[in-house]
Amino acid sequence: MNSAPAVRKPAPSLAHLTTALPALVSLVLPLALDDSQMSVYVLLCLAGTVVVGLSLLMGYAGQVSLGQASFYAVGAYTAGLLSVHGLPPLLALAAAPCAAAVFAVIVGVPLLRLRGHHLAFATLALQLITVSLVGEAEWAGGAIGLQGIPDMSLFGFTLTEDIHYAYMAWAALAVTVVLARNIVNSRSGRGLRALATSETAASASGVPVGRYKLTVFTQAAAFAGLAGGIYAFYLGYVAPGSFPVLLSITYVVMVVVGGLGTVWGAVAGAAVITLLVQLLNALGTSPGMPDSAPTVLSYAVYAILLIAAVLFAPRGLVPTLQDAWRRRRQP
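Here is a short report on the structure shown in this document. (Residues numbered from 1 in each chain as written. Predicted model: local features only at pLDDT ≥ 70, side-chain atom pairs only at ≥ 80, totals over all residues. Heavy atoms only, no water.)

**Structural notes on the packing of helix α2 (residues 35-60) against helix α11 (residues 263-284)**
Then comes step 1: Across the interface, α2 lies against α11 with an axial gap of 8 Å and an inter-helix angle of 140°. If you check the angle between α2 and α11, you find them oblique. For the element pair α2 and α11, the recorded crossing hand is right-handed. Only Val 263, Ala 266, Val 267, Ala 270, Ala 271, Thr 274, Leu 275 and Gln 278 of α11 make contact with α2, whose side of the interface consists of Val 40, Leu 43, Leu 44, Ala 47, Gly 48, Val 51, Val 52 and Ser 55. (Axes fitted to C-alpha atoms, helices over the stretch in contact; angles between N-to-C directions. Helix = DSSP H or I, 4+ residues; strand = E, 2+ residues; numbered from the N terminus. Parallel < 35°, antiparallel > 145°, perpendicular 65-115°, else oblique. Left-handed = near helix turned anticlockwise from the far one by under 90°. Contact = heavy atoms within 4.5 Å.)

Structure below.
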């Protein structure tokens, strides 16, 4: 009797390779970075964590938010305050995304009744109000900020080196990417895509529009809260000035430049803009430059990038590169 032929396993696809290679490179990269570069790496991963959620909100649910840094601030202050008052750091970090999500539910119920630029301006006002209230609250350190946040500790091991926080930020980004991809590929993800196309058509097709909008708004806020909690432990200090309006605008620019509605586009946009911001800060703080140079350069470059993205890559860097690759492979 002839034995059944062995089943040949399919070769890894290009999509799997293009996913695994950047993940592997980013995982080993901290081993080759110095202290200043490690700080940029941590901020890049935290920005990516926030922007992945914002890409879901803007690209899939079609909701524009100019106040994502407010949820980042809620997560940072939650983790900082709880750890300062004696809660174990790991539990304080776990509470950060939960607090941001609860805050998103409270403000999202009235805000998400708005659409388009009305919602954008409302979320911008939300951030201004949140930062102002925190700055006036003595229990949160007031305008001086919350100091004395202890180091993160995991199962008896205290994280004291930058490389420790680099891998923590990498892990947060990895978890966020996996969750976002699962959401996109699920039935809910299909409902979100229908919602972004037309709320009326999605509602007529049986999509619970209000519940989906609030859910993705809350999910994006939780991602931002997680990043904010890590940020608080990494710096050991948070203040209202750490969460300016420019930070929320930066997140939006990251999403648009990388590619709305794509998980990897959000990560790519976060990487490009974070590195560019660091370059502009170095240029703006060089000898002979005025004090306002870093801010002026940031706004100017953001405007140029947005104009260039709209003109030459309206779908973002990642979708544009993917389309170019497909056209090249076609006979």
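Picking up where we left off.
**Focus: the packing of aromatic side chains**
Then comes step 1: Summed over all chains, the structure comprises 8 aromatic pairs.
Then comes step 2: A centroid spacing of 6.3 Å and a plane angle of 75° characterise the contact between Tyr 72 and Tyr 251, whose relative ring orientation is edge-to-face. Of the two residues, Tyr 72 is situated in helix α3 (residues 68-84) and Tyr 251 in helix α10 (residues 245-258); the sequence distance between them amounts to 179 residues.
Then comes step 3: Note on Tyr 231 and Phe 243: the rings are 6.1 Å apart at their centroids and 65° apart in plane angle, and the pair reads as edge-to-face. On the criterion of sequence distance, the pair formed by Tyr 231 in helix α9 (residues 209-235) and Phe 243 in the loop between α9 and α10 is long-range, its members being 12 residues apart.
Then comes step 4: For Tyr 231, a relative accessible area of 11% corresponds to the buried category.
Then comes step 5: In this structure an aromatic cluster arises from ring pairing among Tyr 72, Tyr 77, Tyr 231, Phe 243 and Tyr 251. (Phe/Tyr/Trp six-rings, centres within 6.5 Å; stacked < 30°, edge-to-face > 60°. Buried < 20%, exposed > 50% of the residue type's maximum accessible area, 1.4 Å probe, protein only.)

**A short note on the nonpolar core**
Then comes step 1: Membership of the largest hydrophobic core comes to 89 residues, with the highest contact counts inside it found for Phe 71, Tyr 72, Val 238, Phe 243 and Tyr 251.
Then comes step 2: Sequence-distant contacts of Tyr 251, that is, excluding residues within four places in its chain, are made with Ala 47, Val 50, Val 51, Leu 54, Gln 68, Ala 69 and Tyr 72. (Core = buried A, V, L, I, M, F, W, Y, C linked by side-chain atoms within 4.5 Å.)

**Some details on the layout of surface pockets**
Then comes step 1: Here the second largest pocket is characterised by a volume of approximately 500 Å³.
Then comes step 2: In this structure, the second largest pocket is lined by 21 residues; those nearest its centre are Leu 43, Leu 247, Thr 250, Val 277 and Gln 278.
Then comes step 3: Among the secondary structure elements, those contributing two or more residues to the lining of the second largest pocket are α2, α10, α11 and α12 (293-312).
Then comes step 4: Looking at the lining of the second largest pocket residue by residue, the class counts come to 14 nonpolar, 7 polar and no charged. (1 Å grid on protein atoms, 1.4 Å probe; cavity = no way out; pocket = protein on both sides within 12 Å on 5 of 7 lines; lining within 4 Å. Points joined across faces, edges and corners; volume = space filled by probe spheres on them. Nonpolar A, V, L, I, M, F, W, Y, C, P; charged D, E, K, R; others polar.)

**Description of the packing of α3 against helix α4 (residues 89-111)**
Then comes step 1: Contact pair α3 / α4: the axes reach a minimum separation of 8 Å and the direction vectors enclose 135°. In terms of their interaxial angle, α3 and α4 are classed as oblique. For the crossing formed where α3 meets α4, the hand is right-handed. Taking contact as the criterion, the partners of Phe 71, Val 74, Gly 75, Thr 78, Ala 79, Leu 82 and Ser 83 in α3 are, on α4, Ala 92, Leu 93, Ala 95, Ala 96, Ala 99, Ala 100, Phe 103, Ala 104 and Val 107.
Then comes step 2: When the residues that make up the contact of α3 with α4 are grouped by side-chain class, the tally is 13 nonpolar, 3 polar and no charged.

Bear in mind that shape data such as this cannot, by itself, settle questions of function.
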